[in-house]
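So you can see what is in the structure, the chains are spelled out below.
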Amino acid sequence: MNDIDQQSMREAVLVAASAQHTCRPNPWVGAILVSTSGQRFSGCTQPVGQAHAEVQVLRAAGAAARGATMFVTLEPCNHVGRTPPCTDAIIAAGVARVVIGVQDPDQRVAGTGIARLRDAGIAVQVGVEADLVREQLASYLHHRRTGRPLVMLKLAMTIDGYIAAKTGAGGFITGEIARRRVHELRAASDAIVVGAGTVRADDPQLTVRDVQGPSPRRIVLGRAPLGARVHPCTEWSGPLTDLLDTLGGEDVLQLLVEGGAKVAASFHQAGLVDRYVFHLAPAVMGGGDGVPAFAGDTAATLADVWRGRTISTQQLGDDVEVVIEPLRSPA
């Protein structure tokens, strides 16, 4: 691995970001091709049924692809789906070297793309900027490994842990920048879920409005009142595990859980949350009778407290976003 390889893979990651809202449920992949003369070409995954990133960059390069190096964030596919195998296109174009961010865990690929390229005499390197790529493709990789969507729980709260006042009176805990960030999370999610109590209390739309991107499919746990703005929606009354299995089978890669406290506690206590996103406002509710982030009893002792690891923080105006993942046992 060298600095040029790392720089080119980071460039491929930036290119991939432009495809996330348009190509799901396919993975949002970026590719950079560097010709023998130093020309650089880029491509990203197109909407479903159209070209993958590798084919896009080969089309852009044309004859310059012969002898070139391709940098691609995810292992090239080696099977016939809605499009032909990308490995065939890479081999036919005469690419000399392929640098890959991460291996694709999809059972139809899972190393066979790498093997096919090597068997054709192409030099292959895997793992360049792997952590960066894994983060960008987290929901896709999780879905392919588990068959379920990555579950992201978002909660906006005061610094003392409350998500609403005891009266339930309306208003916003966090500021405009944090609220815009929520719309970014919605646009990056294939589905969003809230409880029927939240629908009755707040009548949310659960759509994407303040940023560019698609609105997620809306799911209500329980019955949504007639005339609620969340319609059309899916109403669900079964076990949460069955919901995740169903959504995974329907190509939902990421599920955003927005509340309320009972729904948050249900997902948390069942160990179904893969990523917690807390938006903390510099505000204090005071006392102990507000609505806590999680309904139900607290841990009996400090030894019983749930603990995770912080993977990122960022300032959102006066508010702070803290992203936490559970501590997973080694597989």
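Anything mentioned here points back to the structure above.
Residues numbered from 1 in each chain as written. Predicted model: local features only at pLDDT ≥ 70, side-chain atom pairs only at ≥ 80, totals over all residues. Heavy atoms only, no water.

Here the focus is the environment of Arg144. Topologically, Arg144 is positioned in helix H7 (residues 138-146). In the structure, Arg144 is positioned 107 residues away from Asp251 in sequence and 9.9 Å away in space, judged by C-alpha atoms. Ignoring sequence-local partners within four residues, the contact set of Arg144 consists of Pro25, Pro105, Asp106, Arg108 and Leu253. (Helix = DSSP H or I, 4+ residues; strand = E, 2+ residues; numbered from the N terminus. Contact = heavy atoms within 4.5 Å.)

Once that is clear, we can look at the packing of helix H3 (residues 53-61) against helix H4 (residues 86-93). Relative to each other, H3 and H4 sit at 25°, their axes nearing to 9 Å. With respect to their mutual orientation, H3 and H4 come out roughly parallel. The handedness of the crossing between H3 and H4 comes out as left-handed. Note on element contacts: H4 touches H3 through Cys86, Ala89, Ile90 and Ala93, opposite Glu54, Val55 and Leu58. Of the residues in the contact of H3 with H4, the class split is six nonpolar, no polar and one charged. (Axes fitted to C-alpha atoms, helices over the stretch in contact; angles between N-to-C directions. Parallel < 35°, antiparallel > 145°, perpendicular 65-115°, else oblique. Left-handed = near helix turned anticlockwise from the far one by under 90°. Nonpolar A, V, L, I, M, F, W, Y, C, P; charged D, E, K, R; others polar.)

A word on the pattern of salt bridges. For the coordinates displayed, the defined rule picks out 20 salt bridges. Residues Arg180 and Glu176 are paired through a salt bridge, measuring 3.1 Å at the closest nitrogen-oxygen approach. Taken together, the residues Arg180 and Glu176, both in helix H8 (residues 176-187) and four residues apart, mark about one turn of the helix. You can call Arg180 partly exposed: its relative accessible area is 30%. Given a relative accessible area of 54%, Glu176 falls into the exposed group. For Asp203, the salt bridge is made with Arg229, and the minimal N-O distance between the two is 3.6 Å. With Asp203 in the loop between helix H9 (196-202) and strand S9 (217-221) and Arg229 in the loop between S9 and strand S10 (234-236), this pair connects stretches of sequence that are 26 residues apart. Among the ionic contacts, a cluster of salt bridges with common partners joins Glu135, Arg275, Arg309 and Glu325. (Salt bridge = Lys/Arg side-chain N within 4 Å of Asp/Glu carboxyl O. Buried < 20%, exposed > 50% of the residue type's maximum accessible area, 1.4 Å probe, protein only.)

Without other data, these values stay purely geometric and don't point to any function.
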